[in-house]
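Report on the structure
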Amino acid sequence: MPIEQSTLSNAHARTAEECLAALDAGPGGLAAAEAERRLAVFGPNRLPAAEGRSALRRFLGQFHNVLIYVLLGAAVVTAALQHWIDTGVILAVVLANAVIGFIQEGKAEQAMTAIRNMLAPHAAVLRDGRRVTVDGADLVPGDVALLEAGDKVPADMRLLEARGLAAQEAVLTGESVPVDKAVGPVADDAALGDRRSMLWSGTLVTKGTARGVIVSTGRATEIGRIGGLLSDVQEITTPLVQQMDHFARWLTFLILVVAGLLLVYGYYVGHHAFSEMFMVVVGIAVAAIPEGLPAVMTITLAIGVQAMARRNAIVRRLPAIEAIGSVSVICTDKTGTLTRNEMVVAAVETPDGAFEVSGEGYAPEGEVTPTGDLQRLAAAAAHCNDAALTFRDDQWTVEGDPMEGALLAFAGKVRHPREARRIDAIPFDSRHRYMAVLSENADGRVTHVKGAPERVLRMCAGLDYDHWHERAEAMALRGLRVLALAERREEADEVDEASLSGSLTFLGLVGLIDPPRQESIAAVAECRAAGIRVKMITGDHAGTAMAIARQIGLENSGRVLTGADIDRLDDAQLALEVLSVDIFARTSPEHKLRLVTALQAHGLSVAMTGDGVNDAPALKRADAGIAMGLKGSEAAKEAADLVLADDNFATIAAAVREGRTVYDNLKKVITWTLPTNAGEAATVILALLAGLALPVTAVQILWVNLITAVTLGLALAFEPTEAGTMERPPRPRDMPIMSGFLVWQVTLVAILFLAAVFGVFTYALDRGYPLPLAQTMAMNMLVVLEIFHLFFIRNMHGTSLTWSAVRGTPVVWLVVVIVVLAQFAVTYLPPLQAILGTQSVPLADGFLIVAIGAVSFTITEIEKQIRLGLMKRNSGKVSASDDL
Ligand code: ATP
């Protein structure tokens, strides 16, 4: 009878068989068709999406900003003074800012959600009796799922099999110590945390392996019922954005103080009317406030996140986007990251002799030469194995670990009939580096063991350890990944670690090829050029690690430190060694944590990759924790800042490049915006002190700020990577954005702006032009300067006087055209002239304005060239990243 009930109550108290029967399922899982039918009945295994902030609240959130409060305050006072046009324009600008911010923030949030969805979990289940990987959302009650250490439990399940199993259930019970699990039923009224025969959706498997039947999915799970796991909403902020927020608050305070002082000065000393003075002060406040900056910074980050996602680097935590751009050391795994993780058995050595194995990929077809009896070795390869090979689309593929897939292919090549029933197992663990399986077939019971040679050889009896150790070394030096295989005839129905030692019969060594990825060679070279050291931290043998490192151009000192070596060093000694060694072999996850700490002690900014459950602490500790998207465990992904969708080292280099680009662009946005505001404010203040009329009215300043921020400013968010970005050394960790250089840059440009705007204004007055015309010219001068400044800023690290710099990007020219058209409109169209108080500028004066812009641009460019020249001379002594 088909089941229709979405959850099986009391599964913990019933036996595994009873649960299977109640769910109308078997230990071999459901038929694919039945699973599909159940999916239609029960719905996808998904929790309802987290409710984001409502649109209205997001919109109102746009006004929650001190800069905006000041503008709103100004609007209220101008209204009280009945300066309706000013009130209208201020409100229009505030509103326009809010709308733009709202749209952009919405886009940024959408982009982040879409990118997070790329990390949707998968689960290994049995369908039609075969192991397949399916989307976590497709699981249904009755499915039999396979889990191992590091997996996130995809749905509530009743255990059918558990080996050394423990789960961390803090999300559900608050208990942070992992709970041991077992198959036996527990008391009916046991509390959730005591139902040891169950695994709960959303919890993490911390060790061991499990097979379980799913009893409830989606909302019917325990976590679904309490509405948990939904607080996945991310803050759209980074250290740099926070620094800017802080700066903005400080700036607002400063502006208010200066404005207040000027009001008092103008009223009492200058004897101006209060309402007139107040409008001047509003002008200053409006000029000095970088209203558009927060929104433009947010969009810059969002664009960076998307650019990284296109390069297969998925940002899990936004601050990482800055951290990855500043890394000075990348610690990377070998298998699958530097190498392809497409394994094939190439060589075999048994006490009977040495054999070469031919064949490509995972097809169980190929020759073993010379011929010999390798059946027992093949039995170990096939049974001490959790993978499965499938033939799909004319190709053999692996479900599970590629190395185990290669062993299955090898067993196929020697025509081993893979038939045995598994009774017990010790799962592989990167700490003990072997795996053991007890199985039974017609010939009786056998325990098969496979693992790292030094480990397995020590467990074998009657064996010339030194000889075989040497043989394994020789294979490793060829760049092969080496495994030792052994067996023991059994009576028992359990394998335990203690009894294995010294009792095994050695069967042979197997050498697997795992070719390096071609692209990692180029990526390692790129990192070197960018002043980033690359270190390989692998669980593999020192010889194999060294051979692979040589193939990809990574090692330089010829030294390898093994996990055992690291154990012998204290933290201070390790910190000394860690700089000169690039290869760390036979390490376990605990070593990774010590290595990160040792590198950080030198002030280095460390990126660390990881895949296993035990890598989580090192990933968290690293400045940029990077998890593998394909072979990584959920535990590693959750601890990481960045996930590589393709597990490829080259993607890390690409992410560094994007990270540097984003940081540069944020800096460009800031360096473009601040001098503009400072220049405007200085102009107004100078006019006031000189007893002149305002060169640019408050309304005009607001107009300029609005139109240029959303066009020219935003264009900087789309800037491509500058040439030479990956040839600069990394910027120091925690370098403040407001460096001495930036202050100098802001001051210089502000002075140029001041001189140009003021100059044009007084020139116009001297020629006897009416005040509105002089103001119109000053306003246009400001915009022209901003356009030239944009071209200057686009190439902070090189010259802006090349053809490609002038040609720019389509975005840049698009915004320039928009701004120019807008300026023509407000200067020459009568209705707009009425609002902004402008007058048509004579053609010759228009040319004069553009010429002054060009002169100012030339001055800044000369300053840059002198500075870059000095830097080049000093390079080596000073880091280039002390400046922009
Ligand atoms: P990397 O850290 O570069 O990814 P790795 O994958 O070789 O390296 P581990 O997975 O920790 O690191 O493996 C360490 C060693 O343990 C391997 O060199 C191999 O000898 C052994 N080993 C790996 N996987 C298995 C397995 N499934 N069964 C038995 N032994 C294994």
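Basis of the calculations
- Residues numbered from 1 in each chain as written.
- Predicted model: local features only at pLDDT ≥ 70, side-chain atom pairs only at ≥ 80, totals over all residues.
- Heavy atoms only, no water.
- Buried < 20%, exposed > 50% of the residue type's maximum accessible area, 1.4 Å probe, protein only.
- Helix = DSSP H or I, 4+ residues; strand = E, 2+ residues; numbered from the N terminus.
- Arc of directions from axis to C-beta.
- Contact = heavy atoms within 4.5 Å.
- Pairing = 2+ DSSP bridges.
- Near = heavy atom within 4 Å.
- Polar contact = N/O pair within 3.5 Å; in protein donor to acceptor, adjacent residues only side chain to side chain.
- Areas by Shrake-Rupley, 256 points an atom, 1.4 Å probe, with all protein chains shown as cover.
- Nonpolar A, V, L, I, M, F, W, Y, C, P; charged D, E, K, R; others polar.
- Domains from an automatic or database assignment.
- Core = buried A, V, L, I, M, F, W, Y, C linked by side-chain atoms within 4.5 Å.
- Axes fitted to C-alpha atoms, helices over the stretch in contact; angles between N-to-C directions.
- Phe/Tyr/Trp six-rings, centres within 6.5 Å; stacked < 30°, edge-to-face > 60°.
- Salt bridge = Lys/Arg side-chain N within 4 Å of Asp/Glu carboxyl O.

In the nomenclature of an unreviewed UniProt entry, the protein corresponds to Putative cation-transporting P-type ATPase from the organism Pseudorhizobium banfieldiae.

**Observations regarding helix α2 (residues 32-42)**
Listed in full, the buried residues belonging to α2 are Ala 35, Arg 38 and Phe 42. Buried residues of α2, seen end-on, are gathered within an arc of 65 degrees and therefore sit on one face of the element. Turned more than 90 degrees away from the buried face of α2, the exposed residues are Ala 33, Glu 36 and Ala 40. If you follow the buried residues of α2, they end up packed against β1 (122-127). Backbone geometry just downstream of α2 places Gly 43 in the positive-phi region, at approximately 85 degrees.

**What about the pairing of strand β3 (residues 144-148)?**
Across the five residues that make up β3, a large majority, four, are buried. Note that β1 and β3 share three bridges and pair antiparallel. Looking at β3, one finds that Val 125 is bridged to Ala 145. Bridge analysis of β3 against strand β7 (residues 204-216) gives five bridges, and the strand direction is antiparallel. Across the sheet, the residue bridging to Leu 146 is Arg 211, located in β7.

**Digging into the site of the ligand**
Around the ligand sit 22 residues in total, of which Lys 334, Thr 335, Arg 481, Thr 538 and Arg 586 are the nearest. Contacts to the ligand include Lys 631, whose side-chain N or O atom sits 3.4 Å from an oxygen atom. Compared with its free state, where it exposes 610 Å², the ligand has 90% of that area covered by protein. Going through the elements one at a time, α13 (402-413), β17 (444-451) and β18 (481-490) are the ones with two or more residues in the shell around the ligand. Take the shell around the ligand: its biggest share by element is three residues, from β18. Its residues placed into classes, the shell around the ligand shows seven nonpolar, five polar and 10 charged. Each of domain 4 (320-339 + 517-654) and domain 5 (365-510) gives at least three residues to the shell around the ligand.

**Concerning the nonpolar core**
Counting 134 residues, the largest nonpolar core has Met 297, Ile 330, Leu 554 and Phe 649 as the members making the most contacts within it. Contacts of Leu 554, omitting those with residues within four sequence positions, involve Leu 338, Val 524, Arg 528, Val 534, Met 536, Ala 549, Asp 582 and Ile 583.

**Description of the sheet that holds strand β16 (residues 434-441)**
Taken in spatial order, the eight strands make up an open sheet running β12-β11-β10-β19-β18-β17-β16-β15, and their pairing is antiparallel. Of all strands in the sheet, those bounded by a partner on one side alone are β12 (368-369) and β15 (421-426). Pairing analysis gives two bridges linking strand β11 (residues 353-357) to β12, with the strands arranged antiparallel. Within β12, the residue paired with Val 357 across the bridge is Val 368. Running at roughly 65 degrees to strand β19 (residues 505-513), helix α12 (residues 375-383) makes contact with β10 (344-350), β15, β16, β17, β18 and β19 of the sheet. Along the sheet face, α13 touches β10, β11, β16, β17, β18 and β19 and points at about 65 degrees away from the line of β10.

**Concerning the packing of aromatic side chains**
How two aromatic rings sit relative to each other is set out by the distance from centre to centre and by the angle between their planes. Counted under the stated rule, the structure contains 11 aromatic pairs. Taking the centre distance of 5.1 Å and the plane angle of 80 degrees together, the rings of Tyr 267 and Tyr 268 count as edge-to-face. Here Tyr 267 falls in the partly exposed class, since its relative accessible area comes to 37%. A relative accessible area of 57% places Tyr 268 in the exposed class. Note on Phe 791 and Trp 813: the rings are 5.4 Å apart at their centroids and 50 degrees apart in plane angle, and the pair reads as tilted. In this pair, Phe 791 sits in helix α27 (residues 771-794) while Trp 813 sits in helix α29 (residues 810-828), placing the two residues 22 residues apart along the sequence. Among the residues examined, Phe 791 registers a relative accessible area of 11% and is labelled buried. In textbook terms, an aromatic cluster arises when at least three aromatic residues are bridged by ring pairs, as seen for Tyr 267, Tyr 268, Phe 274 and Phe 278.

**Here's the deal with the pattern of salt bridges**
If you walk through the whole model with that rule in mind, you get 39 salt bridges. Glu 161 is the salt-bridge partner of Arg 211, the closest N and O atoms lying 3.6 Å from each other. Of the two residues, Arg 211 is situated in strand β7 and Glu 161 in strand β4 (residues 156-168); the sequence distance between them amounts to 50 residues. On the basis of relative accessibility, which here comes to 30%, the residue Glu 161 falls in the partly exposed class. For Arg 586, the salt bridge goes to Asp 540, with nearest N and O atoms at 4.0 Å. Within this pair, whereas Arg 586 is found in the loop between β22 (583-585) and α21 (589-600), its partner Asp 540 is found in the loop between β20 (533-537) and α18 (542-551), the two being separated by 46 residues in sequence. Residues Arg 586 and Asp 540 agree in their burial class; the two are buried. Several salt bridges share partner residues, and in doing so they unite Lys 334, Glu 454, Arg 481, Asp 540 and Arg 586 into one network.

**Let's talk about the pairing of β4**
In terms of strand pairing, β4 meets β7 through 10 bridges, oriented antiparallel. Counterpart to Ala 166 in the pairing with β7 is Lys 207. The pairing of β4 with strand β6 (residues 198-199) spans two bridges and is classified as antiparallel. Note on β6: the bridge partner recorded for Arg 158 is Met 198.

**What to know about the environment of Ala 114**
Tracing the sequence through the fold places Ala 114 in helix α5 (residues 84-117). For Ala 114, a relative accessible area of 44% corresponds to the partly exposed category. In the structure, Ala 114 is positioned 195 residues away from Ala 309 in sequence and 10.0 Å away in space, judged by C-alpha atoms.

**Points about the environment of Ala 681**
On the secondary structure map, Ala 681 appears in helix α24 (residues 649-689). Along the primary structure Ala 681 and Ala 285 are separated by 396 residues, whereas in three dimensions their C-alpha atoms are 7.6 Å apart. Among residues more than four places away in sequence, those in contact with Ala 681 are Ile 284, Ala 287 and Ala 288.

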